[in-house]
Structures are given as C-alpha cells and as structure tokens.
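# Architecture and fold: a report
The primary structure of each chain is shown beneath.
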Amino acid sequence: MSVVVPECCDDLKRERGRCLFNKEELTNILDGGPKLTEKRRRIEKMLINTPELFDDVSPDYLSHEDRYSNELRKATQLMTTLEKNGFTYNDAVTTGTGLWLLMDGNPLSLHISMFLDTIKGQSNPQQLQEWLPLAEKFKIIGTYAQTELGHGTFVRGLETTATYDSTTKEFVLHSPTITATKWWPGALGKTSNHAVVMAQLYLGGKCYGPHIFMVQLRDLETHRTLPGIVVGEIGPRLGMNSNDNGFLQFNHHRIPLTNMFMKHSQVTEDGKYVKPLHSKLSYGTMVQTRVGIVYHASRELSRALIIAIRYSAVRHQSEMVPGDPEPQILDYQTQQYKLLPHLASFFALRFSARALLEVFIGTSAGLGSGKMNMLPELHALSSGLKAVATNDAVKGTDICRLACGGHGYLSSSNLPRIYTAIAAGITYEGENTVLFLQVARYLIKSFRASSQGQTLPFSVSYLRVQPPSSHAPLMSDRGLVDALGAGVRWMVGEAERRLQQLVDSGHSPHAAWNACSVHLVQCADAHTRYYICEQFVDAVSKLGETVSSGVHEVLRQLCRLYILHRVIQTAGILLRCGAVDGKALTSIEEEECHLLATLRIQAVSIVDAIDIKDVFLKSTLGAWDGNVYQRIYEEAQKSPLNKSDVTQGYYQYLRPLMKANL
Ligand SMILES: CC(C)(COP(=O)(O)OP(=O)(O)OC[C@H]1O[C@@H](n2cnc3c(N)ncnc32)[C@H](O)[C@@H]1OP(=O)(O)O)[C@@H](O)C(=O)NCCC(=O)NCCSC(=O)/C=C/CCCCCCCCCCCCC(=O)O
Ligand SMILES: Cc1cc2nc3c(=O)[nH]c(=O)nc-3n(C[C@H](O)[C@H](O)[C@H](O)COP(=O)(O)OP(=O)(O)OC[C@H]3O[C@@H](n4cnc5c(N)ncnc54)[C@H](O)[C@@H]3O)c2cc1C
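An unreviewed UniProt entry lists the protein chain under the name Acyl-coenzyme A oxidase, from Petrolisthes manimaculis. As recorded by UniProt, the Cofactor (unreviewed entry) comment attached to the protein chain reads in full: "FAD".

## Comments concerning the site of ligand 2
Taken together, 22 residues surround ligand 2, and among them Gln146, Thr147, Gly152, Thr153 and Thr433 come closest. Broken down by secondary-structure element, the contributors of at least two residues to the shell around ligand 2 are strand 1 (142–145), helix 12 (415–427) and helix 13 (432–451). Considering only residue class, the shell around ligand 2 consists of nine nonpolar, eleven polar and two charged. Two domains each donate at least three residues to the shell around ligand 2, and these are domain 2 (141–276) and domain 3 (285–458 + 472–608).

## As for the UniProt feature "domain: Acyl-CoA oxidase C-alpha1" (unreviewed entry) in the protein chain
Here the UniProt feature "domain: Acyl-CoA oxidase C-alpha1" (unreviewed entry) sits at residues 283–444. Between the C-alpha atoms that bound residues 283–444 there is a distance of 22 Å. The span itself is 75% helix and 0% strand.

## A look at the site of ligand 1
Tyr283, Gly292, Tyr295, Tyr428 and Gly430 are the nearest of the 33 residues found near ligand 1. Taken together, the elements giving at least two residues each to the shell around ligand 1 come down to helix 5 (89–94), helix 7 (109–122), helix 9 (284–314), helix 11 (375–403) and helix 13. Sort the elements by how many residues they give to the shell around ligand 1 and helix 9 lands first, with eight residues. For the shell around ligand 1, the per-class residue count stands at 13 nonpolar, 14 polar and six charged.

## Digging into the environment of Gly453
Relative to the assigned elements, Gly453 resides in the loop between helix 13 and helix 14 (477–504). A sequence separation of twelve residues divides Gly453 from Val465, and the C-alpha atoms of the two residues are 8.7 Å apart.

## A word on helix 10 (residues 333–368)
Its 36 residues give helix 10 an end-to-end C-alpha distance of 52 Å, which sits within 8% of 52 Å, the value for a rise of 1.5 Å per residue. One or two positions beyond helix 10, positive phi appears at Gly370, with a value near 80°.

## Looking at the domain arrangement of the protein chain
Looking at the protein chain, the domain boundaries give domain 1 (32–106), domain 2 (141–276) and domain 3 (285–458 + 472–608). Of the residues that constitute the side of domain 1 that touches domain 2, the class distribution is three nonpolar, three polar and three charged.

## Remarks on the sheet that holds strand 8 (residues 246–250)
Ordered in space as 4-8-7, the three strands form an open sheet in which the pairing is antiparallel. Unpaired on one side and paired on the other, strand 4 (182–183) and strand 7 (229–233) mark the two borders of the sheet. Here five bridges tie strand 7 to strand 8, and the two strands are oriented antiparallel to one another. Note that in strand 8 the partner of Val230 across the bridge is Gln249.

Thresholds, definitions, all that
- Residues numbered from 1 in each chain as written.
- Chains lettered and ligands numbered in written order.
- Predicted model: local features only at pLDDT ≥ 70, side-chain atom pairs only at ≥ 80, totals over all residues.
- UniProt positions renumbered as here; feature names shortened; annotations may be inferred.
- Near = placed C-beta within 6 Å.
- Helix = DSSP H or I, 4+ residues; strand = E, 2+ residues; numbered from the N terminus.
- Nonpolar A, V, L, I, M, F, W, Y, C, P; charged D, E, K, R; others polar.
- Domains from an automatic or database assignment.
- Expected span 1.5 Å × (residues − 1).
- Pairing = 2+ DSSP bridges.

And the structure:
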C-alpha cells in the first residue's frame with residue numbers, strides 16, 4: 001500500500017486555505033519534537049508498506065473465532081515487521097500507530113504492556129535475567145491476571161491463594177471458590193502461555209496480602225493447558241471482541257518459590273517474609289499502565305475529533321438563512337460547542353500526559369534509590385488523570401459520533417469502535433469512581449496536614465490553608481485558573497467540614513466518608529481538572545518563547561477555551577465561594593461563544609496537524625479528501641448481504657410467512 005495523498009474536496013480545500021499557522025510546527029509540538037515526528041512517520045511508512053497489516057474485510061463480518069485469528073495474525077505480523085526494521089513494539093505503541101492497527105482488541109497488547117512491565121518492575125536481578133529475554137522475544141507470552149469474578153476493585157479482597165510449602169520449596173496456587181476465578185484478563189483465554197498472577201500470599205498459615213507470581217499456564221510446545229489449571233475465554237463484550245479476555249482457575253497448582261516476584265518483598269527458602277519498603281509497591285504495574293492510559297485516551301479522542309470535524313466541514317444541512325445555500329454544519333454554533341471544547345480537551349490531556357510521565361519517571365528513579373516519598377503524589381495524580389482522561393475521551397468520542405448524525409452510527413465511520421474501545425478505559429485499570437476516591441483521600445489528608453502547618457507536595461500546594469492571594473487580573477488565564485483553584489480549595493474545605501461534623505455527631509470515620517463520597521468524588525475531579533488547567537497554561541507559556549506567533553495564537557486560544565469552559569462548568573461552586581460573580585460569568589460565556597467562532601475558522605487545519613493518516617483513522621467520514629458519500633456507499637457494498645439479490649432468509653422465513661394463512 002503506498003501513501004497517495006488524494007486531492008481533497010472543495011470544502012476542505014477552502015478550510016485548509018484559511019490556515020494561518022505552520023501545521024508542521026504544531027504537529028511537532030504534539031509529538032514532543034521534530035525528531036519524534038520524524039520517527040513516527042518512519043514507523044508509519046514501514047507499516048503502511050506492509051499490506052498484511054490491513055483488513056480486507058471488516059471484523060464485523062467475521063465469526064468470533066475468525067475475528068480473533070485475524071487480529072492475532074495482524075498482531076504477530078506487526079511484531080515481526082517492527083523487529084525486522086529495528087523498532088520495538090513500544091515505539092509503535094507510543095506513537096499510536098501500533099494500537100490503531102489493532103484496536104479491535106490486539107491479543108498481544110497485555111503481553112507488551114502489563115506482562116513486560118511487571119517483569120521489568122517487579123523482578124529481582126535473577127528473575128529479570130531469566131524472564132525478560134524470553135518475554136521480549138515472544139518465547140513466552142503472557143498477561144496480567146489480577147481481577148476475579150468476585151473482586152476487581154478491592155485488590156485486598158482477592159481470593160486466589162499462594163501457600164508456601166517449605167518442604168518442596170513451592171507455592172501452591174488455588175482458587176478456593178467460584179468467585180476466586182480470574183476473570184477479564186486480556187489475552188488470557190487462548191493466547192497466553194504465562195500469566196503474572198496476583199494472589200494472597202500464605203506463609204505458615206498467616207496471610208501476607210496480595211503478591212505477584214509468574215505462572216506458566218500452557219505447554220510451550222503443544223499450547224495445551226497444564227494440569228491443575230482451567231483456562232478459557234469469557235465470551236462477547238461491548239467492544240474489542242478480537243481479544244480473548246479470559247478466565248482462569250487453579251486446583252492446587254504448584255510453582256517454584258523463585259516464581260514469586262521478589263524485587264520488593266521476598267520469601268526465604270525456610271518461609272520467612274521480608275517486607276517491601278512500601279506496602280503498595282506491588283501495585284506498580286497498575287500505576288504505570290494508568291500513566292499510559294492518559295496518553296492512550298487523548299489519542300483515541302483525537303481520532304474521533306479528526307473524523308467529526310472534517311465531516312462537519314463537508315456535511316451541509318438545512319438553511320441558516322432562509323433561501324441561502326445549505327451551510328457546512330460546522331458553521332452552526334451548537335456544532336462548534338459540541339466539538340471545539342473537546343478539541344481543547346485533547347490538547348490539555350496531551351500536555352498533562354506529558355507532565356504526568358515526567359512525574360512517573362522522577363518517582364521511579366527515586367524508588368530505585370529507596371525514596372518512597374513521591375509515591376502517594378504519583379498515585380493520586382495518575383489515578384485522577386486516568387479517570388478524567390478516560391471519562392472525557394469517552395464523552396468526547398460519543399459527542400463526536402452524535403455530531404455526525406446518522407452516519408456517525410455506521411461502523412464504517414469507525415466512531416463506534418473507537419467509542420467501545422475507550423469506554424472500557426473507564427472501568428479497567430481502576431474503576432474511575434474508585435480512583436477518584438483515592439484522589440479524594442489524598443486531598444483530605446493534605447488539607448488536614450496543611451492545617452497542622454505541614455508543607456504540601458507540589459500538586460496540592462494550592463490547598464494550603466492560607467494561600468497567597470492571586471494578583472493576576474480575574475479575566476486573565478492565570479486569574480481564572482486561580483479562581484478554579486480557589487473553588488477546589490473551598491470544595492475540599494467543605495468536604496472536610498462535613499466529614500468532621502459527621503464524626504462529631506457520632507458517625508464512624510468510614511460511615512462519614514461514605515456519606516460524603518459524592519462530594520469527595522467531585523473534589524477529586526475538580527482538583528484533577530485544576531491540575532490539567534495548570535499544565536496547559538504552563539505548557540503554552542513555556543512554548544511562547546520558542547514557537548511562531550501563528551502556532552502560539554492557536555494554542556493560546558485552545559487553552560483559553562479549555563479554561564473558560566471549565567469555569568462555566570464549575571459556575572455553581574465558583575459563585576458559592578465568591579471566586580467569580582454573575583457579571584464575570586456573563587462575560588465569560590460571551591467570550592466562549594466568540595472564541596468558538598474564531599477557532600472554527602482553523603478547526604480543520606488544527607485536526608490536520610494532529611497528523612493521523614487515513615489508514616489509521618479507518619473512517620469513511622474522516623478521510624483527508626472529504627470524499628464521504630462515495631466511501632460510505634462503497635463500504636456498504638461490502639456487506640455479505642449484498643452478495644446476492646435474494647438472501648437465504650427470504651426462502652427460509654419471509655416467503656413462508658407471506659404464504660401462510662394468518
Ligand atoms: C487503590 C485500591 C482501590 C485500594 O487498595 P487497597 O489495597 O484496598 O488500599 P488500602 O489498603 O485501602 O490502602 C489505601 C492506601 O494505599 C495507597 N495506595 C493505593 N494504591 C496505591 C498505589 N498504587 N501506589 C501508592 N499508594 C497506593 C492509598 O493512597 C492509601 O494510602 P493512605 O492510607 O491514604 O496513606 C486498589 O485496590 C486498586 O488499585 N484497585 C483497582 C484495581 C485495578 O486497577 N485493577 C487493574 C487490573 S488490570 C486491568 O484492568 C488491565 C486492563 C487492560 C489494560 C490495557 C491497557 C491498554 C492501554 C494501553 C496503554 C498504551 C499506552 C500508550 C502510551 C502512548 O500512547 O504513548
Ligand atoms: C475490557 C476490560 C479489560 C480488562 N482487562 C483486565 C486485565 O487484563 N487484567 C485484569 O486483572 N483485569 C482486567 N479487567 C478488569 C478490571 O480491572 C476491573 O473490571 C476493574 O478493576 C473494576 O473492577 P470490578 O469489575 O470488580 O468493578 P466493581 O468494583 O464491582 O465496580 C462496580 C461498581 O461498584 C462501585 N464501587 C466499587 N468499589 C467501590 C468503593 N470502594 N467505593 C465506591 N464505589 C465502589 C464502582 O464505582 C462501580 O460503579 C478488565 C476489564 C475490562 C472491562
């Protein structure tokens with residue numbers, strides 16, 4: 001397949017003619033620099049030149065088994081293509097390209113993410129030396145098996161046991177109940193021959209809580225399930241049905257002592273336990289995956305936005321002025337209001353993902369030298385950002401679908417598949433409400449620590465009891481972000497007051513927590529969004545000195561829109577705490593509408609700059625040339641029902657019904 005850039009339709013030509021900024025420069029910023037853009041394009045070119053990676057037939061038309069096999073075929077082809085060309089799978093993941101080829105549920109995705117990450121992050125040196133080369137070369141293929149039928153969120157409640165037998169120096173893995181069955185892990189059903197398994201560690205009859213074990217599930221030659229193990233696939237799901245999410249039960253299955261991951265905690269041959277430096281270090285793979293999901297969510301949102309914004313420039317509907325030609329639907333203010341705040345969100349999430357990655361890298365480096373103090377901050381930030389990013393990507397993707405009217409409901413628009421894939425992100429890797437409650441716990445602790453005069457970590461330092469007053473004019477970006485911060489401080493203070501009041505009136509702290517949890521989740525959401533605003537303002541102001549004025553102006557407008565939109569969403573709180581008044585809100589609303597019209601002019605060029613090629617968008621509505629109707633029509637011709645004029649169903653059912661004497 002060669003990259004032919006087709007001539008685009010007149011609407012898109014006109015849109016692109018209005019571009020006042022350097023698209024390539026914006027592309028570089030989004031990629032993280034020109035070198036990364038160049039690397040991404042090299043990977044893309046290589047993938048595009050591998051025709052086996054592209055579907056001839058939509059997975060919708062395949063049987064469940066063929067769908068899985070086809071995706072497995074592409075996944076393995078992708079790995080070998082990357083390897084042959086000197087790239088790692090990580091290169092393809094971190095540029096989005098690999099995932100977009102396989103986002104119907106890549107059966108190797110858990111191997112290259114959580115399985116490898118667990119080996120890298122939880123192994124002692126001997127284990128690393130033994131397992132990493134095997135896993136990197138796909139000599140063993142694995143997944144991350146934690147969730148059970150009975151428990152996903154409450155990791156401490158997992159029921160699978162790993163009981164140490166010091167006579168044989170083995171752990172005995174067992175699923176004592178039906179609810180102990182591992183349930184959900186991606187690629188567990190049929191693909192993986194190994195799994196990292198989270199199980200309750202038992203030594204001398206005492207439970208030491210969840211620990212991670214490397215477990216071989218299948219024979220490496222025959223791929224048959226090993227004795228003592230039952231494994232299978234869990235059946236169809238809302239999306240990603242080309243994956244083989246699986247179940248797993250153990251019946252007193254034995255593994256060697258050395259198969260417990262021992263970087264952080266250890267079990268000695270005589271069954272003694274050595275504690276980790278921090279009790280949650282074994283949750284590290286989850287934290288790392290949450291960091292990745294923030295990027296992933298922003299990428300999926302951007303695909304939906306490219307599709308919906310290009311389509312909105314091509315689609316003409318109704319009369320804005322009676323008798324005039326039908327306008328592009330992007331000219332309707334309501335359409336701009338649907339799409340452009342989400343476009344701003346995409347940029348905000350992209351900059352925040354980058355900031356989070358830096359915190360992750362810094363914290364990981366600290367852990368290496370025994371410094372645990374950044375861990376709570378990383379946990380709170382990664383939990384909050386994972387939750388906001390996936391919530392916003394899911395909402396934004398669905399709005400993009402709705403903004404495309406009926407055609408957004410077509411599979412060939414690719415919006416349903418993008419939506420169902422990212423919708424899982426709200427649940428997996430920590431259900432979002434649960435993650436927000438973790439953030440809230442951190443906020444309340446920080447607020448209380450500040451009342452006792454303690455210094456707060458950077459992401460919550462604005463919560464200190466007596467913050468310096470903002471000197472920025474209210475209507476400046478900084479002034480509005482400070483107002484949002486004041487709103488969060490007020491919310492957290494209010495939550496703390498309500499918690500205390502409940503405790504003072506005789507409730508237990510846990511009952512008080514539950515009675516305030518709706519408000520606490522709102523605090524966590526507002527805090528995370530404040531952090532995102534800060535990162536966006538910060539990134540744009542830092543870029544200010546280095547980028548051309550056209551690009552800077554577009555980024556400034558997007559950042560402004562993000563902040564204004566957020567202030568309007570939070571109006572109730574900001575009015576209650578006196579951070580803004582009604583007059584300010586009216587002018588903010590007016591400014592937002594004005595900004596929508598300004599950003600509309602270059603909206604197509606902005607999404608062009610995200611630079612996702614048609615083969616990765618996979619959409620009849622979003623292609624670069626805007627040739628929407630022809631593509632929709634051609635896709636419909638591929639329906640198996642169109643292979644014959646009269647289907648079997650007619651002879652089997654319709655005709656007998658028509659002939660029956662009813
Ligand atoms: C946190 C829980 C909810 C509670 O845990 P529990 O043990 O019960 O906690 P407590 O004892 O109550 O203690 C709470 C204290 O512990 C602290 N804590 C908790 N967690 C951590 C942590 N991780 N680190 C540090 N500290 C932590 C907490 O702050 C409390 O401290 P304190 O007492 O207040 O001081 C927990 O149970 C939990 O985490 N539950 C969620 C379970 C979960 O997440 N499961 C995930 C299963 S795996 C899964 O779902 C996999 C899905 C498939 C993912 C596929 C990914 C595909 C996307 C690919 C991404 C690609 C990257 C692309 C990159 C790019 O594009 O560039
Ligand atoms: C597509 C997909 C892929 C997955 N892949 C994997 C995988 O590879 N490996 C793996 O181990 N797991 C995987 N999972 C499982 C996933 O991690 C869990 O589903 C997730 O952690 C949520 O747990 P749960 O299903 O038990 O939900 P529950 O915790 O039962 O949540 C149900 C409801 O209860 C609420 N709730 C639960 N606890 C609390 C609380 N403390 N406070 C307030 N509300 C609460 C939640 O907010 C939610 O509304 C996958 C899931 C999906 C959907």
